[in-house]
Amino acid sequence: MLVLALLTGIGTFFNHSAITNHTYSLSLAIFFQLILFGLTLIPLLSYKGRRSHPSYDGGWYTIWTIPFALIILSFLGNLAALVIFLLNQFGYLSGF
């Protein structure tokens, strides 16, 4: 599942790069980003590993494990790109 999350994060990077270089239209980029976002939800919702462990200094807080943190990071990156693309499509941003 971690590999799928990392691949969707890399796909989001290439999707953003392609849209800023005007390789294809914004509506096609939104379609691709929706697919990537849906694929990122799969590892996020089906992750069965350990999500956190106690702090190293014996404190009261817990720390996310690296695989779970990478899945969350990929999810947030995909969500941010999707929101930016949608805001640009509806005219609230003018970057592409």
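This write-up is about the structure you can find in this document. The model shown is predicted, which means the values in this text are computed figures rather than measured ones.

About the thresholds
- Residues numbered from 1 in each chain as written.
- Predicted model: local features only at pLDDT ≥ 70, side-chain atom pairs only at ≥ 80, totals over all residues.
- Heavy atoms only, no water.
- Helix = DSSP H or I, 4+ residues; strand = E, 2+ residues; numbered from the N terminus.
- Buried < 20%, exposed > 50% of the residue type's maximum accessible area, 1.4 Å probe, protein only.
- Core = buried A, V, L, I, M, F, W, Y, C linked by side-chain atoms within 4.5 Å.
- Contact = heavy atoms within 4.5 Å.

This part takes up the environment of Lys48. Following the sequence through the fold, Lys48 ends up in the loop between α2 (26-46) and β1 (52-54). The class for Lys48 is exposed, based on a relative accessible area of 76%. When the C-alpha atoms of Lys48 and Met1 are compared, they prove to be 9.4 Å apart, with 47 residues separating the residues in sequence.

With that settled, consider the nonpolar core. One finds Ala5, Phe37, Leu44, Tyr47, Phe68, Ile71, Ile72, Phe75 and Leu82 forming the largest nonpolar core, which totals nine residues. Breaking this core down by element, the ones donating at least two residues are α2 and α3 (66-89). Broken down by element, this core gets its largest block of residues, five residues, from α3. In this structure Phe37 touches Phe75, Asn78, Leu79 and Leu82, once residues within four positions along its chain are discounted. Membership of the second largest hydrophobic core comes to five residues, among which are Ile19, Leu26, Ala29 and Phe85.

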